[in-house]
Amino acid sequence: MPTKNAIKIYAPDSYYHVYNRGVNKQQIFEDDNDKVYFLSLLKRYLSREVSQRKKHVIYVSLSDEIDLLAYCLMDNHFHILFYQYADPGAIANLMRRVMTSYSMYFNKRYDRVGPLFQGRYLASRIDSDPYLHHISRYIHRNPKLWSEYEFSSLRYYAGEAHAD
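Residues numbered from 1 in each chain as written. Predicted model: local features only at pLDDT ≥ 70, side-chain atom pairs only at ≥ 80, totals over all residues. Heavy atoms only, no water.

Draft legend 1. Quick peek at the overall build of the protein chain. The number of helices and strands found in the protein chain is four helices and six strands. Looking at the 164 residues of the protein chain, the share that counts as buried comes to 43%. Counting only contacts in the protein chain whose residues sit at least 6 apart along the sequence, the fraction spanning at least 24 positions is 68%. (Helix = DSSP H or I, 4+ residues; strand = E, 2+ residues; numbered from the N terminus. Buried < 20%, exposed > 50% of the residue type's maximum accessible area, 1.4 Å probe, protein only. Contact = heavy atoms within 4.5 Å.)

So, in structure tokens, the structure goes:
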């Protein structure tokens with residue numbers, strides 16, 4: 001029997017809770033710099049501005065296909081809430097890019113080889129407003145000290161931070 005939420009059939013104009021954890025429940029973020037880098041990857045692909053790292057390298061923008069609504073990065077896992085517009089492959093495209101780039105960064109930084117994540121990310125389609133509110137609360141209240149946690153989007157909702 002496949003893992004729950006492993007088989008992903010995406011629908012346009014839908015909300016999705018996307019999550020994953022480290023292989024063997026190991027840490028995927030060793031320090032705050034790792035979390036900042038992961039968030040920078042999300043920003044790279046979801047920004048309306050064209051991102052260019054090196055000469056002749058232009059990253060695709062998925063900003064017209066996906067909205068990032070909430071996130072929380074814990075030491076050994078992450079939760080992200082997306083709204084996906086018309087393209088049913090947009091989340092898969094984004095997550096493939098982000099997870100591959102982050103795994104390469106992590107393995108190089110910590111001089112390691114092999115998979116970082118337990119497997120492909122998992123995704124759950126959110127099909128009702130009560131479920132949407134529950135997932136948002138769940139994501140933001142995941143850390144023990146959730147009201148003070150820096151690597152969650154809660155501070156944006158609370159008006160304590162602003163997107164760049």
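Having seen the structure, we can now continue with the description.
Draft legend 2. Broad picture of the nonpolar core. Phe78 and Phe82 are the most contacted members of the largest nonpolar core, which totals 34 residues. Considering each element in turn, this core owes the most residues, nine residues, to helix α2 (residues 90-109). In this structure, Cys72, Leu81, Leu132 and Ile135 belong to the second largest nonpolar core, which totals eight residues. (Core = buried A, V, L, I, M, F, W, Y, C linked by side-chain atoms within 4.5 Å.)

Draft legend 3. Structural detail: unusual backbone geometry. With a phi close to 55°, Asn24 is a non-glycine residue in the positive phi region. With respect to the helices, strands and loops of the structure, Asn24 is situated in the loop between β1 (14-21) and α1 (32-46). In this structure, Lys25 is a non-glycine residue whose phi angle is positive, near 60°. On the secondary structure map, Lys25 appears in the loop between β1 and α1.

Draft legend 4. Quick look at α1. Its 15 residues place the ends of α1 21 Å apart at the C-alpha level, agreeing with the 21 Å of an ideal helix rising 1.5 Å per residue. Among the residues of α1, Asp34, Lys35, Phe38, Leu39, Leu41, Leu42, Arg44, Tyr45 and Leu46 are the ones counted as buried. The opening residue of α1, the one whose side-chain oxygen lies 3.0 Å from the backbone nitrogen of Asn33, is Asp31. (Expected span 1.5 Å × (residues − 1). Polar contact = N/O pair within 3.5 Å; in protein donor to acceptor, adjacent residues only side chain to side chain.)

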